[in-house]
Amino acid sequence: MQTPDGLPAEIDLTRPSAARVYDYFLGGAHNFEIDRQLAEQIAAMTPNLPATMRAGREFLRRAVRVLLEAGIDQFLDIGSGIPTVGNVHEVAQAANPEARIVYVDIDPVAVAHSRELLAGNDRATAIHGDLREPKLILDQARAGGLVDFDRPLGILLAGVVHFIPDADRPADILATLRSVAAPGSYLVISHSTFEDQPQEMLDAQRLSARTATEITLRSLAEITGYFGDWTILEPGVVHMPLWRPDSPSDVDDHPERFGAFGGVARHDRTAD
């Protein structure tokens with residue numbers, strides 16, 4: 001059975017979704033009234049939040065371009081959300097039409113819209129998966145045939161690890177993902193933080209508890225630890241606008257106001 005919107009009937013449209021709230025802030029069309037109501041509540045408390053969402057998307061695009069320049073032609077984008085303009089497959093395939101992308105999201109609505117958008121693109125697909133079950137995600141990605149784990153891979157975790165509570169052991173999840181990556185692979189992470197943040201931002205974070213995916217804010221040290229022993233690229237794990245901006249004018253006097261750190265690391269081959 002399907003809803004009037006053509007979506008699976010088991011999707012709960014009475015509870016806001018973090019992916020759909022994010023879509024709303026990015027100016028997308030794949031959200032519902034319940035999502036817009038929560039988004040407006042959050043925006044009223046933190047007027048800068050839409051700009052923060054856009055800063056996160058811009059960080060991801062810059063990181064993907066860096067990986068492409070390094071020769072990466074396959075990407076596993078976990079927590080990809082609902083497709084908006086400038087998604088990973090658009091950026092990657094504009095530079096390399098042979099690039100392959102597997103999107104993963106926990107929200108069935110995000111997956112349904114992704115599959116609709118990707119119809120006819122045989123080098124990109126979307127799968128339903130929960131980051132808390134990384135082995136299942138890896139098995140699905142492997143079975144789909146688009147990702148070859150024997151070759152360098154770009155693992156993208158943009159704005160998703162902060163949805164994993166400490167009780168679910170995010171460090172172990174990241175270790176599982178790193179363990180299957182071939183030397184030459186890259187890991188991209190952006191993650192919300194409490195460091196340098198005003199109280200209103202921390203108060204708005206509590207509203208995320210109304211979705212199925214509450215946010216856990218973490219320190220720079222914790223976020224940096226998720227890269228394990230991989231080599232962190234310059235300029236390190238920094239406030240998102242500071243990570244290789246396209247132009248110095250893209251960075252204002254308060255890059256910390258976007259409330260998240262971002263970084264990229266490479267899996268270098270170790271000596272036998």
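Residue indices follow the written sequence of each chain, beginning from 1 at its first position. Per-residue local features are limited, in this predicted model, to residues with pLDDT of at least 70; the limit for side-chain atom pairs, both in listing and counting, is 80 or more; totals at the level of whole chains, interfaces and linings are taken over all residues. No hydrogens and no water enter the side-chain calculation; it runs on all heavy atoms of the structure.

**A closer look at the packing of aromatic side chains**
Using the following cut-off: Working definition: rings of Phe, Tyr and Trp (its six-membered ring) pair if their centres are within 6.5 Å, and the pair is stacked with planes under 30 degrees apart, edge-to-face with planes over 60 apart, and tilted otherwise. For the purposes of this entry, the term helix denotes a DSSP run of H or I that reaches at least four residues, the term strand denotes a run of E that reaches at least two, and both are numbered from the N terminus. Throughout this description, buried means an accessible area under 20% of the type-specific maximum (1.4 Å probe, protein chains only), exposed means over 50%, and partly exposed covers the range between.
The final tally for this structure, using the stated rule, is one aromatic pair. With 5.7 Å between their ring centres and 85 degrees between their planes, Phe 59 and Trp 243 make a pair best called edge-to-face. Here Phe 59 is found in helix α3 (residues 49-69), whereas its partner Trp 243 is found in the loop between β7 (238-239) and β8 (260-266), with 184 residues between them in sequence. Pair check on accessibility: Phe 59 and Trp 243 agree, each one buried.

**Looking at unusual backbone geometry**
A cis amide bond, omega 10 degrees, links Glu 234 with the succeeding residue Pro 235. The phi dihedral of Arg 169 falls on the positive side, at around 55 degrees, and the residue is not glycine. One can find Arg 169 in the loop between β4 (154-158) and α7 (170-179). Classification of Arg 169 by relative accessible area gives exposed; the value is 53%. Phi is positive for Arg 244, which is not a glycine, with a value near 45 degrees. Note on Arg 244: relative accessible area 35%, which makes it partly exposed.

**A look at the pairing of β4**
Note the threshold: Pairing between strands is defined by DSSP: at least two bridges between them are needed. Whether a crossover is right-handed comes down to one check: with the strands pointing away from the viewer, does the path from the first strand over the helix to the second run clockwise; if it does, it is right-handed.
Summarising burial for β4: five of the five residues are buried, a large majority. Neither face of β4 is exposed, since Gly 154, Leu 156 and Ala 158 on one face and Ile 155 and Leu 157 on the opposite face are all buried. Both strand β1 (residues 74-78) and β4 contribute to a ladder of three bridges, which runs parallel. Each bridged residue has a counterpart across the sheet, and for Leu 76 the counterpart in β4 is Ile 155. In terms of strand pairing, β4 meets strand β5 (residues 186-192) through five bridges, oriented parallel. Note on β5: the bridge partner recorded for Ala 158 is Ser 190. Regarding topology, α7 serves as the crossover connection from β4 to the parallel β5, and that connection is right-handed.

**Remarks on α7**
Here is the rule we go by: Here, the arc refers to the directions that run from the helix axis to the C-beta atoms.
All buried positions along α7 are accounted for by Pro 170, Ile 173, Leu 174, Leu 177 and Arg 178. Down the axis of α7, the buried set is contained in an arc of 135 degrees. They therefore lie on one face.

**Focus on the environment of Gly 27**
Its location among the elements puts Gly 27 in the loop between α1 (18-25) and α2 (33-45). By relative accessible area, which is 64% here, Gly 27 ends up exposed. The spatial distance from the C-alpha of Gly 27 to the C-alpha of Arg 54 is 9.7 Å, given a sequence separation of 27 residues.

**Brief notes about the pairing of strand β3 (residues 124-128)**
Relative to β3, strand β2 (residues 100-105) runs parallel, the two sharing five bridges. Residue pairing in the sheet places Ile 101 in a bridge with Ala 124 of β3. This β-α-β element, β2 to helix α5 (residues 108-118) to β3, shows right-handed connectivity.

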